[in-house]
Amino acid sequence: MKVTTGLGDELTHTSGRMRRRILFDRVIGWVLLLAFAAVFFPLFDLIGWVASYALPTMSWATLTQNQVGTGGGLYAMIWGTLVLITLGTGIAGALGISAGFYTAEFAPPAVKRIARLAGNVLAGIPAIVLGYFGYYALVLYTHWGFTTLAGGIILGVFMLPYIFRTTDIALSNVPPSQREASLALGSSRLQYLRRVAFPIAFPTIFTGVFFAMALGLGEAAPLVYTAGWSSTPVQSLMQPTSFLTGGIWAFYDFPRSFGSFLALAFQAAFLLIVIVLAINIVVQVLSDRYRRRLAGLYE
Amino acid sequence: MGAWLGSPVALIPLLILGAVVAVLLIASGLKDFGLTFWGFQYRFVPGEPDASSWGIGVFLVGTFLTASLSLVLATALSLALAISSVVYLPPLPGRLLSMVTNLLAGIPSVVYGIWGFVVLAPYFGLTLEPSLRDVLGWLPGFGGPASDIGPWGTLLAVFVLTIMIIPLTTALMREALRSVPRDLVEAGLAVGATRWEVVRRVRLPVARNGLWSAVLLGFGRALGESVAVAMVIGGTSIALPPNLYASTTTVASFIFSQLDSALIYPNLFVLLVEFSLVLLVVAVVVNLVAQRFTRVELATATTLGGGE
């Protein structure tokens, strides 16, 4: 049997055993490719189906109207999601980036180790546990009831470890040569951080913040027990609010015949997918471009 | 100066972690963590919460069952994806793979939930489950009737969970395989081993720790997933599932779906606090064990994972 090895004619001299090994290697390479179906099929099937449920019933009113009875639009949920994600990103960004800066630059080694471990453990805590923690601490104990503020805080706690760890990694990975050059020229630590480390670390931190945002946008678990629900757009931080993921959870199991609840759920799902994918692509493009500008630094 | 000034700020994550644990412990009042709690009983008397009794047993079985089954599938698939993209494929399809897994990772869990509930469920009920029963019915778990509430159950939850954790495990495994020292790989190739032989004899053994921690971190993720599982697992019957088609429930999805009850029944509220504590402890232990294996990280694997 003639085996196509792709390695050239020299292998015609090799033994049968060698040929079998090479053939096996090739076959495995193709068999492993089958696994690609496991990621491509769900992605396209999911996006296709969600679009096919959402798009026929979607109109401008979907974005601008409140939900009325079993119909209407998603305005209150979109607005609520915006407020919540702004709060969450604000809180997680402020705390996470400063914790990351201090961990990377100032903390003694023991503190570094503990902080990093705590960050990773926090990232591993199920979102629903954070949600229930928020329910007890911020809804019942404070007597606030369900509030947008509580939702935003818990969303911030959920997002924090991602921003913290990314910031820390980004700063720790700044090439030592850059640091030494800067310090040797007499810059202070703060000058080094502001003028040298931050610009280099920025694309990674930026990526982390936006990925955390995408994660936060898609989470319902920290919010149902804290932000509550409201069918009108939220006016103050001390009121409950609705949000897109909550809309899907509230409406997903209504039959198709029951008003347009199911359509609303799919519209919210479609909107979320579009937003999250858009964030993904923008982040990828921007951070690639920024990194290319900095490429010289790493050589 | 910076060192002592910075430490409290650096410890923000630790403080939050401590606060979560402390608050849940206080809220539970360490009430009845006794034998009943760890048992398999579940009797809920509506309107008479004090007459109800429950144990976490069924929920834990449901959690570990769905998480481990989906992990077996996800491990096999992501190992194949990781080997394929690190060893066999040219850079371009490798980049395509990381793009697709990034997109999959970005899709919100409730969207997976509604997709599973509305789109996948009919396929499972009408096609997949009957044929599985025909072919594999003699295996324990694969025989027996469908659940009476429809196609929503363990198998659907396992499928959805598998797709949800593949991005994380794939990113971590790729990282582990990539960080195998080049010298070792090239030494293997230089003595005439094929790519597959290098994978078998060099890359996998050397990357073993990283691969194990990928598996564990995927397990932790699957254990804690609440929303998507709550939407597809049925969750109506609080009993051990007789087979894979039966509806059951998990700790996380139960907590998530019981908002209304928690508002009304003080007893159930405390029960959910205790469930949260158990889930927290399990997740922390799984994560700590995973971190012991390598310096591969959960948080940055999620944000930067397939970013290359």
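Computed from a prediction, not measured in an experiment: that's the story for all the values here. (Residues numbered from 1 in each chain as written. Chains lettered and ligands numbered in written order. Predicted model: local features only at pLDDT ≥ 70, side-chain atom pairs only at ≥ 80, totals over all residues. Heavy atoms only, no water.)

Visitor: Teacher, can you tell me more about the overall build of chain A here?
Guide: Broken down by element type, chain A carries 12 helices and 2 strands. Secondary structure elements of chain A occur, N-terminal to C-terminal, as α-α-α-β-β-α-α-α-α-α-α-α-α-α. Relative to the 2.2 N^0.38 estimate, which gives 19 Å for 299 residues, the radius of gyration of chain A is 25 Å and therefore markedly larger than a compact globule would have. Each principal axis of the C-alpha atoms in chain A carries an extent, and together these give about 80 × 65 × 35 Å. Looking at the 299 residues of chain A, the share that counts as buried comes to 54%. (Helix = DSSP H or I, 4+ residues; strand = E, 2+ residues; numbered from the N terminus. Rg over C-alpha atoms; globule rule 2.2 N^0.38 Å. Buried < 20%, exposed > 50% of the residue type's maximum accessible area, 1.4 Å probe, protein only.)

Visitor: Quick question: what am I supposed to make of the pattern of salt bridges here?
Guide: Where charged atoms of side chains with opposite charge meet at close range, the side chains can pair. Taken as a whole and assessed by the stated rule, the structure comprises 7 salt bridges over all chains. Residue Arg 195 of chain B is joined to Asp 25 of chain A by a salt bridge in which the shortest nitrogen-to-oxygen separation is 2.9 Å. With Arg 195 of chain B in helix α9 (residues 195-206) and Asp 25 of chain A in helix α1 (residues 16-33), this residue pair bridges two chains. Among the residues examined, Asp 25 of chain A registers a relative accessible area of 4% and is labelled buried. For Asp 168 of chain A, the salt bridge goes to Arg 116 of chain A, with nearest N and O atoms at 2.6 Å. Note that Asp 168 of chain A is positioned in helix α7 (residues 148-172) and Arg 116 of chain A in helix α5 (residues 109-124), a separation of 52 residues in sequence. (Salt bridge = Lys/Arg side-chain N within 4 Å of Asp/Glu carboxyl O.)

Visitor: So what exactly am I meant to see when it comes to the side chain of Thr 204 of chain A here?
Guide: Following the sequence through the fold, Thr 204 of chain A ends up in helix α9 (residues 189-217). Here Thr 204 of chain A is in contact with Thr 166, Ala 170 and Arg 291 of chain A together with Leu 304 of chain B, once residues within four sequence places are set aside. (Contact = heavy atoms within 4.5 Å.)

Visitor: Even after reading the chapter, I still don't get the nonpolar core, so can you show me in this structure?
Guide: Buried together is how nonpolar side chains tend to be arranged in soluble globular proteins. Counting 198 residues, the largest nonpolar core has Tyr 225 of chain A together with Tyr 112 of chain B as the members making the most contacts within it. Ranked by the residues each element gives to this core, the list is headed by helix α12 (residues 261-294) of chain A, at 15 residues. Each of domain 1 (6-55) and domain 2 (59-294) of chain A gives at least three residues to this core. Sequence-distant contacts of Tyr 225 of chain A, defined by excluding residues within four places in its chain, comprise Ile 128, Gly 131, Tyr 132, Tyr 135, Val 139 and Phe 146 of chain A together with Ile 255, Phe 256, Gln 258, Leu 259, Ala 262 and Leu 272 of chain B. (Core = buried A, V, L, I, M, F, W, Y, C linked by side-chain atoms within 4.5 Å. Domains from an automatic or database assignment.)

Visitor: In this structure, what is going on with the domain arrangement of chain A? I would like to understand it.
Guide: The figure often quoted for interface size is the accessible area lost as the parts come together. Residues and elements named next belong to chain A. Examined at the domain level, chain A breaks down into domain 1 (6-55) and domain 2 (59-294). For domain 1 versus domain 2, the separation of C-alpha centres amounts to 36 Å. Interface of domain 1 and domain 2: buried area, both sides summed, is about 680 Å²; carbon and sulfur atoms make up 87% of it. Counting the contacts that link domain 1 with domain 2 gives 0 salt bridges. Here domain 1 and domain 2 share 0 residue pairs in polar contact (both at pLDDT 80 or more) between them. (Buried area = accessible area lost by both parts, 1.4 Å probe. Polar contact = N/O pair within 3.5 Å; in protein donor to acceptor, adjacent residues only side chain to side chain.)

Visitor: Is there a simple way to explain unusual backbone geometry in this structure?
Guide: Residues apart from glycine generally show negative phi values, whereas peptide bonds are mostly found in trans. Residue and element names in this part refer to chain A. The backbone of His 143 shows a phi angle near 60 degrees, a positive value even though the residue is not glycine. Inspection of the secondary structure assignment puts His 143 in the loop between α6 (127-140) and α7. According to the relative accessible area criterion, His 143 is exposed, its value standing at 71%.

Visitor: Where do I start with the packing of aromatic side chains in this structure?
Guide: Any pair of aromatic rings gets described here by the distance separating the centres and the angle formed by the planes. Enumeration over the complete set of coordinates arrives at 32 aromatic pairs over all chains. Centroid distance Phe 251 of chain A to Phe 261 of chain A: 4.4 Å. Interplanar angle 15 degrees. Geometry classified as stacked. Of this pair, Phe 251 of chain A sits in helix α11 (residues 244-251) while Phe 261 of chain A sits in helix α12, and the two are 10 residues apart along the sequence. Accessibility expressed as a relative area gives 6% for Phe 251 of chain A, which makes it buried. Take Phe 261 of chain A: its relative accessible area is 10%, and that puts it in the buried class. Taken together, the aromatic side chains of Tyr 132, Tyr 135, Tyr 136, Phe 146 and Tyr 225 of chain A together with Phe 269 of chain B make up a single cluster linked through ring pairs. The ring of Phe 164 of chain A carries Arg 165 of chain A above its face, with NZ or CZ at 5.6 Å from the centroid. One cation-aromatic arrangement involves Arg 133 of chain B over Tyr 245 of chain B; the distance from NZ or CZ to the ring centre is 4.6 Å. (Phe/Tyr/Trp six-rings, centres within 6.5 Å; stacked < 30°, edge-to-face > 60°. Lys NZ or Arg CZ within 6 Å of the ring centre and 35° of its normal.)

Visitor: Would you mind going over the layout of surface pockets with me for this structure?
Guide: Over the atoms, a rolled probe matching the size of one water molecule traces out where space is still vacant. In this structure, the second largest pocket encloses a volume near 620 Å³. Lining the second largest pocket are 27 residues, and of these Trp 249, Tyr 252 and Asp 253 of chain A together with Phe 256 and Ser 257 of chain B sit closest to its centre. Those elements that provide at least two residues to the lining of the second largest pocket are α11 of chain A together with α11 (227-232), α12 (251-257) and α13 (259-264) of chain B. The element best represented in the lining of the second largest pocket is α12 of chain B, accounting for 4 residues. Split by residue class, the lining of the second largest pocket holds 15 nonpolar, 10 polar and 2 charged. (1 Å grid on protein atoms, 1.4 Å probe; cavity = no way out; pocket = protein on both sides within 12 Å on 5 of 7 lines; lining within 4 Å. Points joined across faces, edges and corners; volume = space filled by probe spheres on them. Nonpolar A, V, L, I, M, F, W, Y, C, P; charged D, E, K, R; others polar.)

Visitor: Looking at this structure, how should I read a nonpolar patch on the surface?
Guide: Residues and elements named next belong to chain B. There is a patch of nonpolar side chains on the surface, built from Trp 212, Val 281, Val 285, Val 289 and Phe 293 and spanning about 440 Å² of accessible area. At 4 residues, the largest contribution of residues to the nonpolar patch is made by helix α14 (residues 266-293). Judged by relative accessible area, which is 33%, Phe 293 ranks as partly exposed. (Patch = residues over 30% accessible without salt bridge, like charges linked within 9 Å, V, L, I, M, F, W, Y side chains within 5 Å. Areas by Shrake-Rupley, 256 points an atom, 1.4 Å probe, with all protein chains shown as cover.)

Visitor: Please clarify how the environment of Val 160 of chain B should be interpreted in this entry.
Guide: All names here are of chain B. Within the secondary structure, Val 160 is located in helix α7 (residues 154-178). In sequence terms Val 160 and Val 289 are 129 residues apart; their C-alpha atoms lie 25 Å from each other. Not counting residues within four places of it along the chain, the set of residues in contact with Val 160 comprises Tyr 112, Gly 116, Leu 120, Ala 228 and Val 232.

Visitor: Explain the interface of chain B and chain A to me, please; I cannot follow it from the model alone.
Guide: Counting from both sides, the interface comprises 87 residues of chain B and, opposite them, 87 residues of chain A. Where chain B abuts chain A, roughly 7600 Å² becomes buried across the two surfaces, and 80% of that area is made up of carbon and sulfur atoms. Inspection of the chain B/chain A interface yields 2 salt bridges. Note that Arg 21 of chain A is salt-bridged to Glu 197 of chain B, the shortest N-O span being 2.6 Å. Our enumeration of links across chain B and chain A arrives at 10 residue pairs in polar contact (both at pLDDT 80 or more).

Visitor: How should I be thinking about the confidence of the model for chain B in this particular structure?
Guide: Low pLDDT means the predicted atomic positions in that stretch should not be read closely. Here chain B shows a mean pLDDT of 85. Residues at 70 or above account for 89%. Predicted as a complex, the structure gets a pTM of 0.91 and an ipTM equal to 0.91. (pLDDT = per-residue confidence, 0-100.)

Visitor: Mind showing me how you'd approach the side chain of Thr 62 of chain A here?
Guide: Within the secondary structure, Thr 62 of chain A is located in helix α3 (residues 60-64). At 2.9 Å, the side chain of Thr 62 of chain A and the backbone nitrogen of Ser 59 of chain A are in polar contact.

Visitor: Would you mind going over the packing of α9 of chain A against α12 of chain A with me for this structure?
Guide: Helix packing for two helices is described by the angle between their axes and how far apart those axes are. Residues and elements named next belong to chain A. Between α9 and α12, the least distance of the axes is 9 Å, while the angle of their chain directions is 175 degrees. As summarised for this structure, α9 and α12 are arranged roughly antiparallel, according to the angle between their axes. Here α9 contributes Pro 199, Ile 200, Phe 202, Pro 203, Thr 204, Phe 206, Thr 207, Phe 210, Phe 211, Ala 214 and Leu 217 to the contact with α12, which in turn contributes Leu 272, Ile 275, Val 276, Ile 279, Asn 280, Val 283, Leu 286, Ser 287, Tyr 290, Arg 291 and Leu 294. Of the residues belonging to the contact of α9 with α12, the class tally is 17 nonpolar, 4 polar and 1 charged. (Axes fitted to C-alpha atoms, helices over the stretch in contact; angles between N-to-C directions. Parallel < 35°, antiparallel > 145°, perpendicular 65-115°, else oblique.)

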